[in-house]
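# Chain and residue survey
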Amino acid sequence: MSHEQEISIQPQDPDRRAVICAAGTVALGGIAAALAGHGTASAQDTPVTTRDPGSLGARLQGVQHFGLTVQNMERAYEFYTAVLGGTEVFRHGDFQGDAVQNTLLADQEILANELGVNPRTIGVPDLRGGAQRLDVRFIQFDNVVIELLQYRDADQPMGGPKAFAEPLEHMSPAFPRMMHICFYVRDDVDFNQFIADLEAESAKRGMTQVRANRIIRVSTEEERKATPLSANTNKVTVAPSDGWELIYCKGPEGEQLEFVKALGPVKKRFADALAAHLQLASAN
């Protein structure tokens, strides 16, 4: 692979690309229909403002993927495919060179210069010189893609357990800039049992980080494990979130995950907003 490898990452097979695009279109249509299950919102019932065709929003077609930088690529890949059922789109790796470094890390190199420190001390790898490499894998879910990224030293194998930088020690969702990935659970699923099964399946694979919070107060891991099944799910009854059910859970990399159901009134609110958004987009 060229030392000046480009960052462009696209499926190489045109037929495969068409299938993926078609699947995404079908999935989005299905989500719109599913969200509208409780009180379908018609375009005629939803007030729509006019969008400037030259605006930034008018030039977008939605969210394509969320990216997650991981310490152990194979572990993360197993969780998002074998445990949660995602499908690999493609993988690409050994990215290095000046263009990649500039595209991904220029702002951090500027910061290091301003601080007068070695870029490595603030987590900046040397892709430019090839001391470190970047590997990526894209995982398709029904309505969005998750990209797994691993920055590794050049002497480490692709997919290995050792990343270039140490993982963050504290992963509280209260930290500014912290993000989370939220998965939408089907309406007919027993949510409490889903969480119990998620923990059990992950533990069976050695993914001890996958631990869901409870809705009752606990102070030790033993207390958390001993809570009844009914303590798994937080059911919101106060408007405008009434009908929302959720659980927060850490993933195998310590990443923050959320699993939700949207039922009743809150489901209709999402459906109405989606209908308004789609009508606004189609008006242009």
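Just so we're clear, the structure is a prediction, and the values are computed from it rather than from any experiment. (Residues numbered from 1 in each chain as written. Predicted model: local features only at pLDDT ≥ 70, side-chain atom pairs only at ≥ 80, totals over all residues. Heavy atoms only, no water.)

Okay, the environment of D242 next. Mapped onto the secondary structure, D242 falls in the loop between β6 (234-235) and β7 (244-250). For the pair D242 and P265, spaced 23 residues apart in sequence, the C-alpha separation works out to 6.1 Å. In this view, D242 contacts V236, T237, L263, P265, V266 and R269; residues no more than four positions away in its chain are not counted. A polar contact of 2.7 Å, which involves the side chain of D242, links it to the side chain of R269. (Helix = DSSP H or I, 4+ residues; strand = E, 2+ residues; numbered from the N terminus. Contact = heavy atoms within 4.5 Å. Polar contact = N/O pair within 3.5 Å; in protein donor to acceptor, adjacent residues only side chain to side chain.)

So, about the sheet that holds strand β8 (residues 256-262). Overall, mixed pairing links the four strands, which are arranged β5-β8-β7-β6 in an open sheet. If you trace the sheet from one side to the other, it starts and ends with β5 (181-184) and β6, each paired once. Where β7 and β8 come together, seven bridges link them in antiparallel fashion. The residue of β8 that forms the bridge with L246 is V260. Across the sheet, helix α6 (residues 264-282) lies against β5, β7 and β8, angled at about 100 degrees from β8, the strand it touches most. (Pairing = 2+ DSSP bridges. Axes fitted to C-alpha atoms, helices over the stretch in contact; angles between N-to-C directions.)

Where helix α2 (residues 73-83) is concerned, the buried positions are M73, A76, Y77, F79, Y80, T81 and V83. Measuring from the backbone nitrogen of E74 back to the side-chain oxygen at the start of α2 gives 3.3 Å, which picks out N72 as the cap. Following α2 by one or two positions, G85 has its phi on the positive side, about 85 degrees. (Buried < 20%, exposed > 50% of the residue type's maximum accessible area, 1.4 Å probe, protein only.)

This part is about the nonpolar core. Ranked by size, the top nonpolar core spans 26 residues in total, and within it F79, Y80, L84, L148, F183, L198 and F259 carry the most contacts. Counting only elements with at least two residues in this core, the list comes to α2, β4 (145-153), β5, α4 (191-204), β7 and β8. (Core = buried A, V, L, I, M, F, W, Y, C linked by side-chain atoms within 4.5 Å.)

What the rule picks out here adds up to eight aromatic pairs. When the centroid spacing of 5.5 Å and the interplanar angle of 20 degrees are considered together, the rings of F183 and F259 count as stacked. Of this pair, F183 sits in strand β5 while F259 sits in strand β8; the two residues are 76 residues apart in sequence, bridging distant segments of the chain. As far as burial versus exposure is concerned, F183 and F259 are alike and both buried. (Phe/Tyr/Trp six-rings, centres within 6.5 Å; stacked < 30°, edge-to-face > 60°.)

What the rule picks out here adds up to 19 salt bridges. Ionic pairing is found between D94 and R152, a salt bridge with its closest N-O pair at 3.3 Å. With D94 in strand β2 (residues 87-95) and R152 in strand β4, the pair connects residues that are 58 residues apart, well separated along the chain. Judged by relative accessible area, D94 falls into the buried class, the value being 16%. (Salt bridge = Lys/Arg side-chain N within 4 Å of Asp/Glu carboxyl O.)

Honestly, it's all geometry; don't read function into it.
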